[in-house]
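A structural walkthrough
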Amino acid sequence: MKIWLDGNLVDEAAAKISVFDHGLLYGDGVFEGIRFYNGRIFRLEAHIRRLFESARAIVLDLPWSQEDICRFTCETVAANGLSDGYIRLVVTRGCGELGLNPYLCPRPSMFIIASTIKLYPEEHYTNGLALITCATRRPAPGALMPQVKSLNYLNNIMAKVEAIQANALEAIMLNEQGYVAECTGDNLFIIKNGVLLTPLISDGALDGITRGVILELAASLAIPFQERSLTRYDIFIADECFLTGTAAEVIPVVSLDRRTIGSGNPGPLTRRFIEGFKQLTHSSGTPFS
Ligand code: PXG
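**Let's talk about the layout of surface pockets**
- Volume-wise, the largest pocket comes out at about 630 Å³.
- Contributing to the lining of the largest pocket are 38 residues, with Phe 31, Lys 149, Tyr 153, Thr 184 and Gly 185 lying nearest its centre.
- At the level of secondary structure, the elements contributing two or more residues to the lining of the largest pocket comprise strand E3 (29-37), strand E5 (85-92), helix H5 (154-165), helix H6 (209-220) and strand E13 (240-245).
- Residue contributions to the lining of the largest pocket peak at four residues, all from H5.
- Tallied by class, residues from the lining of the largest pocket come to 16 nonpolar, 13 polar and nine charged.
- Viewed by domain, the lining of the largest pocket spans two of them, domain 1 (2-115) and domain 2 (122-281), each represented by three or more residues.

See the structure below:
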């Protein structure tokens, strides 16, 4: 496997980061997870735009343009001879002396991995996922901006641990006010009386690229939708529920905290979104070679 690291495509064994990199020492950095399908990178520009917004929000100046990073990403995928897979693009604060001060790090590091990912076993795409609500809350915006896709993922990891310990694959995270924010690595949607609903970004959800695609699809399918605050009650009484994410794609949810949602099977509108998403991923994107 060839890894793009600070301007060079190097062998996996040579792709090393210093122990003095603040990305490792303090989780100081940002990242993106991107998919490619059929030789084309899906929503590449949107991911790179979000990367720049995350970087701007943590005062990390990137010495590359958005166009440069799109090009490096394409080169990395092409160098690995894959037609379908997953890209992990990471920017760290770079090397510096010990101590939190990011101004001690003169230059960020960037690496790009093009590989594959399988988040959930196939059977759950057919039969649906069982979710739990975890005790770990999404951080308040005043503590750690939830929109920044930073290298600080301990909050989500602790929530994921709760899910796994409860024999579930994913967990709903509430914000400090008790409203549903999202899951540990996926955005959440419900359908009630034919209306698609999803939590507000200001309730602590990541502004997911897949979330945005679903809202576009809803508009083009003439399915009414609304972003609004949701509670567990709204999910318990929903007709349908599903999750979205670059890695997860669109996956049905059939229960929350062992309570059945809707009919207990993936719903008809959920199936339409799964189908619509699949068509888009296989018919659009940036060609990489
Ligand atoms: N919420 C959170 C907290 C995320 O990290 C999403 C929602 C979905 O957003 P997108 O833009 O992908 O539709 C994410 C996505 C990984 C990995 O290993 C990345 C994410 C989640 C889980 C694993 O690269 N990020």
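This is not the end of the story, as more comes after the structure.
**Description of the nonpolar core**
- In this structure, Ile 41, Leu 62, Ile 69, Val 91 and Met 110 are the most contacted members of the largest nonpolar core, which totals 27 residues.
- When residues no more than four places from it in sequence are discounted, the contact partners of Val 91 are Gly 29, Val 30, Leu 51, Leu 60, Leu 62, Trp 64, Pro 108, Ser 109, Met 110 and Leu 151.
- In this structure, Tyr 125, Leu 188, Ile 190 and Leu 197 belong to the second largest nonpolar core, which totals 22 residues.

**Side note on the pairing of strand E7 (residues 129-133)**
- Among the five residues of E7, four are classified as buried, and the element is accordingly described as predominantly covered.
- Alignment of E7 against strand E14 (residues 249-256), held across three bridges, turns out to be parallel. Residue pairing across strands places Ala 130 opposite Ser 255, the latter belonging to E14.
- The sheet contact formed by E7 and strand E8 (residues 170-174) spans three bridges and is parallel.

**Remarks on the sheet that holds strand E1 (residues 2-5)**
- One open sheet holds the seven strands; their spatial order is E2-E1-E6-E5-E3-E4-E16, and the pairing between them is antiparallel. Lying at the two open borders of the sheet, with one neighbouring strand each, are strand E2 (8-11) and strand E16 (286-287).
- Note: E1 against strand E6 (residues 109-115), two bridges, orientation antiparallel. The residue of E6 that forms the bridge with Trp 4 is Ile 112.
- The strands that helix H2 (residues 44-57) touches are E3, strand E4 (40-41), E5 and E16; relative to E3, the one it contacts most, it runs at about 175 degrees.

**Brief notes about the side chain of Glu 240**
- Mapped onto the fold, Glu 240 is located in strand E13.
- Arg 271 provides the closest opposite charge to the buried, unpaired Glu 240, separated from it by 8.0 Å.
- A distance of 3.2 Å separates the side chain of Glu 240 from the backbone nitrogen of Leu 269, its partner in a polar contact.
- In this structure Glu 240 touches Phe 189, Ile 190, Ile 191, Ile 261, Gly 267, Pro 268, Leu 269 and Thr 270, once residues within four positions along its chain are discounted.

**Description of the site of the ligand**
- Tyr 86, Lys 149, Tyr 153, Thr 210 and Thr 246 are the nearest of the 18 residues found near the ligand.
- One of the side-chain N or O atoms of Thr 210 is found 2.6 Å from an oxygen atom in the ligand.
- At 2.5 Å from an oxygen atom of the ligand is found a side-chain nitrogen or oxygen belonging to Thr 246.
- Here the ligand loses 89% of its free accessible area of 550 Å² to cover by the protein chains.
- Its atoms largely coinciding with the cavity grid, the ligand occupies the largest pocket.
- Secondary structure elements with two or more residues in the shell around the ligand: E5 and H6.
- Grouping the amino acids of the shell around the ligand by side-chain chemistry returns five nonpolar, eight polar and five charged.

What counts, and where the lines are drawn
- Residues numbered from 1 in each chain as written.
- Predicted model: local features only at pLDDT ≥ 70, side-chain atom pairs only at ≥ 80, totals over all residues.
- Heavy atoms only, no water.
- 1 Å grid on protein atoms, 1.4 Å probe; cavity = no way out; pocket = protein on both sides within 12 Å on 5 of 7 lines; lining within 4 Å.
- Points joined across faces, edges and corners; volume = space filled by probe spheres on them.
- Helix = DSSP H or I, 4+ residues; strand = E, 2+ residues; numbered from the N terminus.
- Nonpolar A, V, L, I, M, F, W, Y, C, P; charged D, E, K, R; others polar.
- Domains from an automatic or database assignment.
- Core = buried A, V, L, I, M, F, W, Y, C linked by side-chain atoms within 4.5 Å.
- Buried < 20%, exposed > 50% of the residue type's maximum accessible area, 1.4 Å probe, protein only.
- Contact = heavy atoms within 4.5 Å.
- Pairing = 2+ DSSP bridges.
- Axes fitted to C-alpha atoms, helices over the stretch in contact; angles between N-to-C directions.
- Lys, Arg positive; Asp, Glu negative; His and termini not counted.
- Salt bridge = Lys/Arg side-chain N within 4 Å of Asp/Glu carboxyl O.
- Polar contact = N/O pair within 3.5 Å; in protein donor to acceptor, adjacent residues only side chain to side chain.
- Near = heavy atom within 4 Å.
- Areas by Shrake-Rupley, 256 points an atom, 1.4 Å probe, with all protein chains shown as cover.
- Sits in = over half its atoms within 2 Å of the grid points.

So, to be careful, I would describe these as geometric facts and stop short of saying anything about function.
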